[in-house]
Structure formats: structure tokens, C-alpha cells
Amino acid sequence: MGKRFSRRDFLKTSGAIAAAACVGGQRLSAAANAAAEPKKHWFKCNLHMHNQWSDGEPLPEWAIDWYKSHGYHFICPSDHNIFQSDRLRFDGFGFDNTPSDVAAFKGETSLWKVISPTRGWPKLTQAHVDETIEKFGKDSIRTITVGTQTYVRMTPFAELEKRFAEPGKFLLIPGYEQTGGCPNGQQVHVNFINVREVFPYLAAETPREILQRTYAKGQEAYAGQNYLFTANHPLWRYYDYSPADLIALPQIRVFELNNNAIASGLDGHPEGWKPEKFWDVVNAYRAAHDQPLLLGLGTDDRHSYVAPAKAWSVVRAAKLGTEDVLAAISAGDFYASNGLDFADIHFDGKTLSVKIDVREEGPYRIQFLGTKKDYDPSSRTIDVAKGPRRPARKIDLYSDSIGVVLDTVEGVEASYTLKADDLYVRAKAVKVAEGLKPDWESQPAAWTQPYN
Ligand SMILES: [Zn+2]
Ligand SMILES: [Zn+2]
């Protein structure tokens, strides 16, 4: 993250402790302070997605239009190790289709990708070109044929922004997904949001080293810029980085709690952690050591757009602007969702109150989760065997005293007041229904951030 907001700064600016707010030494009444506070709104977003600029299936226009027409207010098209600039090129993440005669592209700009005669991820096929033409017309696509190969121009960010952004309605934030890898096959991906330049892939011996070096490199490369750093999908594909890594790196403030519903189902070990446990392990430690808590994002990280979006985030801000929404995320004023919405989340420094925005018949349940001060911080290490698509790993397992249910309320509105022995509290809203599997792909839920 660029600009940092502490929880305390946020409470000051949000008016959540309005009664105690002071301006110029004058104590304001709650009413006067509330009147000075602009009304805030919830904005639905997805900060992690792919299109043909790297390895997503649709062309960028088609992908962006999907979000715009499905109720999202802002997105970041975050392709792998590439920014959608207008520099002429023919290669990117996982492809190199330099033409035999580059002269045909004299004076051209942007990335050109060849239409593949065969299907298969992540190739650009005629079907993807056709679906875009069908939606936006023939002029939306530019092609150049060299010999037997037809190239399609990928539309750069600035042109996409011009075409799709609408003040107050839909916002595009520039950014990309940075990839790093270890010799044993572990992968670390992070997003840099609100930047327009990439830096080279960083390889290192361990995921922790990649995270640490990538974070530091971002600070150097984007010095003075207001950007957001997110640590992506710790469970893709297989325990890539661990709670211990984010405990060792308190500068990392945002991670993907729910990445398109990956909950270790892919290659998970029966004893291994799930994302919520990961989150609580890090936050128990951070809270116990007076560090800022780790915030959890929901993103869909879509490549194929056939299956529905399985996770997103909703951010509360005074207006739909990049500065506003990034400040709100940094301050933790957002929730992650895979189906439910909060009408309100309020923390006054002691009590967390939440209200579900009921859009369909319930019943609903609100759980308050957290960790007590006398929790057992110890862990034990287990070996996880090599599998068909994964190297052997060691993972740490943590005690059941981390991430416990503090209270459960059947209903759509509830509050929880921190007790002297609580380290932090977070709320989770779920829809209660018969026959739903306990995984979060099938159970509609929403997660507030942790508070203390
Ligand atoms: Zn990734
Ligand atoms: Zn991704």
C-alpha cells in the first residue's frame, strides 16, 4: 500500500467516534460532526481478473463489459506481469507470437495476438473475436494479417478507460498481477493496484523471500504513488505461502481471503488450513503484538468467464474515485462476499454492529469470530507428500484456540462488544439453508474485516 491509514486514523475520519471528535481543539457534537461527514455508499468491486492481455479467455472489452453490466462499480484488469500500455509488442505471459514480418506493424501500437486455429487455454480463438464483434461491432476490433496469420490488437488501458469508465457509475483502476516462483514450484502472486508499469519477475528460494522482495521492489518502483499491494491466493495451488510468512511480514496488510472460492479444495491436505484459519492465525499474532490487522479481500481472479463469479468485495466510500476507494480499502472499510451483503458495519472502538442487507428470504445467521488473549500460539509441522501437480511441502498446523466462535445470533442484525480477553473480533454473515455443503462456494456468506 502507498498511503497507510491506521485503524485509529480511519475511525477519526469516518466519524465512527463522532461524539469524541475534535476539530481545532473544539469538541463537536455528534450531530454537527455527522452533518460534516459526506454520506458514504457501498461500491461492489473486483480487483483481480484476466483477459487476453495475458491468459484470460475473452478480449478485454468483453471482460470489462461483463463486470459493468453485472452490477460492479469498479474493477482492476490485473493481467499477469503486463500492463495494458500502448507499447508495440507480440509477447506476454505464456505466449510469443512475433510475426515473420514486423514491418506490417509499422506505426502501430499495443500488443498484437495471433488468432489460434486450435482451442485451448489461453489461446485467442476466433470465437473470442466473434463474441466481441457481436457485442461491440466490427470496428471494435483491429486486425492485421501477415501470411496465414491474423493478428488482433489488444486495446490498451487508456482506450478501455475512455470507452467504459463513467463518472459515478463505473471506474477502471490500472494495475497488474506480479508473479514470482521458487525452484520447488511454489508460486507467489501479488497484485499492484493503481500502477501503470511492471517490474521483472522475481524468483527466490522461498515464498517469504519473494513476498518480501516484491513488496520492497514495489515501494521503490512506485515511490510517491498511491497504490495497493495485495498478497494473492495463498491456497493456489497448494499452500504456496503460509500464515508464518505474513506473520513475518507485517507490512503486508491485504490478502485474498476468498479467491474465486479456493478453499484448499484443489490439492488440500485434510489437516491443512482453510483461508479463514489462515487469516485468524495471522491476526491473532498481529493483535497480540499490537500490529495492524490483516485485511481480507474477495476477488474472482477470472480467466474463463463461463462459470459465475464466486467472490467479490464491497467498499464503502464517499464517492466512486480511485483515491476514495483505495483509502477505504487501506482503512478496512470493506467486506468480502460470495453472495450476501451488509447494509451496515459499524465499529465504535469496542462494539462491532452489523446488519445484513436482506435481498432474498432467509433465514440468516451472524457469527462473531476472534481469538482470545490466552490462545495457544504454538504450531506443529507436518510433511505433505509430493503429488501429481505439486512438490512436497511442509506446512504448519495451529491450535483450535485460534479463530473461535465468540457469539452466534440467528437473525439479520447483531452486535458484539469486545471483552477484556478478546484480541479482535470479525463478523461473518451466512444464509442458513438445508442441504448446503459447509464450503464457501455453496454457502452464501459475507465477511467483515477484523476489529480491535
Ligand atoms: Zn495468481
Ligand atoms: Zn490472477
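Residues numbered from 1 in each chain as written. Chains lettered and ligands numbered in written order. Predicted model: local features only at pLDDT ≥ 70, side-chain atom pairs only at ≥ 80, totals over all residues.

Here's the deal with the environment of Ala427
Short version of the rule: Helix and strand definitions here come from DSSP, where helices need a minimum of 4 consecutive H or I residues and strands a minimum of 2 consecutive E residues; each element is numbered from the N-terminal end. Each residue is classified by how many other C-beta atoms fall within 10 Å of its C-beta atom, where C-beta atoms are placed from the backbone; a count of 20 or more means buried, 12 or fewer means exposed, and values in between mean partly exposed.
Counting through the fold element by element, Ala427 comes out in strand β26 (residues 422–431). Under the C-beta neighbour-count criterion, Ala427 is labelled buried, with 29 such atoms within 10 Å. A sequence separation of 294 residues divides Ala427 from Ile133, and the C-alpha atoms of the two residues are 45 Å apart.

Regarding the domain arrangement of the protein
Put simply, the rule is: Just so you know, the domain bounds were taken from an automatic or database domain assignment. Distance between backbone-placed C-beta atoms decides contact: two residues are in contact if it is within 7 Å. Three classes are used, and their members are as follows: Ala, Val, Leu, Ile, Met, Phe, Trp, Tyr, Cys and Pro are nonpolar, Asp, Glu, Lys and Arg are charged, and the others, Gly among them, are polar.
Domains assigned within the protein are domain 1 (7–36), domain 2 (41–84 + 155–447) and domain 3 (85–154). The C-alpha-based centres of domain 2 and domain 3 are spaced at 32 Å. Listed as interface residues are 23 residues of domain 2 and, on the opposing side, 19 residues of domain 3. Among the elements that make up the side of domain 2 that touches domain 3, the one with the highest residue count is helix α3 (residues 60–68) (four residues). Classifying every residue of the side of domain 2 that touches domain 3 gives nine nonpolar, eight polar and six charged.

Points about the nonpolar core
What counts here: Defined on buried residues, the nonpolar core groups Ala, Val, Leu, Ile, Met, Phe, Trp, Tyr and Cys residues joined through C-beta atoms within 7 Å.
Counting residues in each nonpolar core, the largest one holds 92 residues, and the members touching the most others are Phe74, Ile75, Val315 and Ala429. Sort the elements by how many residues they give to this core and helix α8 (residues 275–288) lands first, with seven residues. Contact partners of Ala429, with chain neighbours within four places excluded, come to Leu340, Phe342, Val354, Ile356, Tyr364, Ile366, Ala445 and Ala446. Residues Leu111, Leu124, Val129 and Tyr151 belong to the second largest nonpolar core, which totals eight residues.

Observations regarding the environment of Leu228
Residue placement: Leu228 occurs in strand β14 (residues 228–231). The sequence separation of Leu228 and Leu326 amounts to 98 residues, and the corresponding C-alpha distance is 7.0 Å.

Brief notes about the sheet that holds strand β10 (residues 171–172)
We count it as follows: Between any two strands, at least two bridges found by DSSP are needed for them to pair. Here, axes are lines fitted to C-alpha atoms. For helices the fit covers the stretch in contact, and angles between N-to-C directions go from 0 to 180 degrees.
The strand order β10-β4-β3-β17-β18-β27-β26-β21-β24 describes an open sheet built from nine strands, whose pairing is mixed. Both outer strands of the open sheet, β10 and β24 (404–410), are each paired with one neighbouring strand and no more. Bridge analysis of strand β3 (residues 41–46) against strand β17 (residues 312–317) gives five bridges, and the strand direction is antiparallel. Following the sheet pairing, His41 is matched in β17 by Ala317. Across the sheet, α8 touches β21 (364–372) and β26, and the angle it forms with β26 is around 150°.

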